[in-house]
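Chains, contacts and geometry: an overview
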Amino acid sequence: MNSSELVKQIEQKRSFLCVGLDSDLNLIPRKFRTEKDPIFVFNQAVIDATHSYAVAYKPNIAFYEAMGPRGWESLQKTMEYIPKDIFTIADAKRGDIGNTALKYAQTFFDPVCSGLNFDSITVAPYMGRDSVEPFLTYRDKWVILLALTSNIGSHDFQMTKSEDYMPLYERVMRTAMSWGSPEHLMFVIGATRSDFLQKVREIAPDNFFLVPGIGAQGGSLEDVAKYAMNAHVGLLVNSSRGIIYAGEDTSVSAAREAKKIQEEMDRYLDEYRK
């Protein structure tokens, strides 16, 4: 999916909501656990309830890998079930070089090799350009680079300043922008870092941001929209637990919470778009 198709979805649905499919067998409602493939059936229910409000789905790959072969089967079936006009993100946070990076790219982007055909993947930038380039060779696929994350440990490295007083996250963003265009390169920016949102948008005025951290993590959707939205919206704001685990009746509770977020987003599209 290219950027114009993604923006079209946002405009049509009046939403920039990404639903995170962090589907955990220990947390899903009991009624799903008797199914032959409980994770897939649960994901089906979430997708059915939220696809009218969401422009993206983001399976967290760790939750599927932890289940071994049956987890990969659940993931593949989930990908096949997601409507084709909705953006898909492999939240895999891969980061390696050479042939290993190429194989990671094939895993998530090449359905002939793996059966999976995601639109995008999250990538850790620590190993530099040659760990990212293999993903950027795929046409109409996206790299979503970790830049400024919402976890407590982000202070350990991301805020470290070099001799020119530029923090590491800023150097990562500025350097990575020479690797790929805004048509193929997004950045992960945590919603809980609201005091940095305006600065980050100044660094990357045209790139999309994937923004986790609203809902259960306490980030402010209004702050994200106010300080990080650009003329083309430029945002995918993720909510996982706050939607998929909102109640025992997933069909009702997930729809309710997704609709609530979409309606708030609808207001901000008019109020804060630059």
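Here's what I pulled together on the structure shown here.

Thresholds applied
- Residues numbered from 1 in each chain as written.
- Predicted model: local features only at pLDDT ≥ 70, side-chain atom pairs only at ≥ 80, totals over all residues.
- Heavy atoms only, no water.
- Pairing = 2+ DSSP bridges.
- Helix = DSSP H or I, 4+ residues; strand = E, 2+ residues; numbered from the N terminus.
- Axes fitted to C-alpha atoms, helices over the stretch in contact; angles between N-to-C directions.
- Contact = heavy atoms within 4.5 Å.
- Salt bridge = Lys/Arg side-chain N within 4 Å of Asp/Glu carboxyl O.
- Buried < 20%, exposed > 50% of the residue type's maximum accessible area, 1.4 Å probe, protein only.
- Parallel < 35°, antiparallel > 145°, perpendicular 65-115°, else oblique.
- Left-handed = near helix turned anticlockwise from the far one by under 90°.
- Nonpolar A, V, L, I, M, F, W, Y, C, P; charged D, E, K, R; others polar.
- Arc of directions from axis to C-beta.
- Expected span 1.5 Å × (residues − 1).

**A few points about the sheet that holds strand β3 (residues 87-94)**
In space, the eight strands of this closed barrel follow the order β1-β2-β3-β4-β5-β6-β7-β8, with parallel pairing throughout. Adjacent strand axes in the sheet meet at a mean angle of 30°, parallel and antiparallel pairs treated alike. Against the sheet, helix α1 (residues 3-13) contacts β2 (54-59), β3, β5 (142-148), β6 (185-189) and β8 (235-239), and its axis sits at roughly 120° relative to β2. Along the sheet, helix α5 (residues 98-109) contacts β3, β4 (120-123) and β5; its crossing angle with β3, the most-contacted strand, is approximately 150°.

**Things to note about the pattern of salt bridges**
Oppositely charged side chains are able to pair whenever their charged atoms sit close together. Scanning all chains against the criterion turns up 13 salt bridges. Here D266 ties to R14 by a salt bridge, and the two come within 2.7 Å at their closest N and O atoms. Residue D266 is located in helix α13 (residues 250-272), and its partner R14 is located in the loop between α1 and β1 (17-21); the two are separated by 252 residues in the primary sequence. Exposure remark for D266: the relative accessible area of 27% places this residue in the partly exposed category. Linking R129 and E133 is a salt bridge whose minimum nitrogen-to-oxygen distance equals 2.6 Å. Residues joined in a network through salt bridges with shared partners are R14, D266 and D270.

**Points about the packing of helix α11 (residues 221-228) against α13**
One way to put it is that α11 packs onto α13 with a least axis distance of 10 Å and a crossing angle of 25°. By the angle class used here, α11 and α13 are roughly parallel. When the axes of α11 and α13 are compared, the crossing they make is right-handed. Here L221, E222, A225 and K226 of α11 lie close against α13, whose contacting residues are I261, E264, M265, Y268 and Y272. Considering only residue class, the contact of α11 with α13 consists of six nonpolar, no polar and three charged.

**Topic: α11**
All of the buried residues along α11 are L221, V224, A225 and A228. For α11, the arc enclosing every buried residue in end-on projection is 105°, short of the 170-degree limit, so these residues lie on one face.

**So, helix α4 (residues 69-81)**
With 13 residues, α4 ought to run about 18 Å at 1.5 Å a step, and its terminal C-alpha atoms sit 19 Å apart, in line with that. Residues of α4 that are buried include every one of G71, S74, L75, T78 and M79, and no others. Each buried residue of α4 sits inside an arc of 135° when the element is viewed along its axis, so together they form one side. The exposed set on the far side of α4, more than 90 degrees from its buried face, consists of P69 and E80. Looking at the packing, one finds that the buried side of α4 touches β1, α2 (38-50), β2, α3 (61-65) and β3.

**Quick look at the pairing of β5**
The element β5 is extensively covered by neighbouring structure, given that seven of its seven residues are classed as buried. Of the strand pairs in this sheet, β4 and β5 are connected by four bridges, and their pairing is parallel. Its bridge partner being in β5, S120 is matched across the sheet by W142. Sheet topology note: the β5/β6 ladder contains five bridges and is parallel. If you follow V143 over to β6, its bridge partner there is L185.

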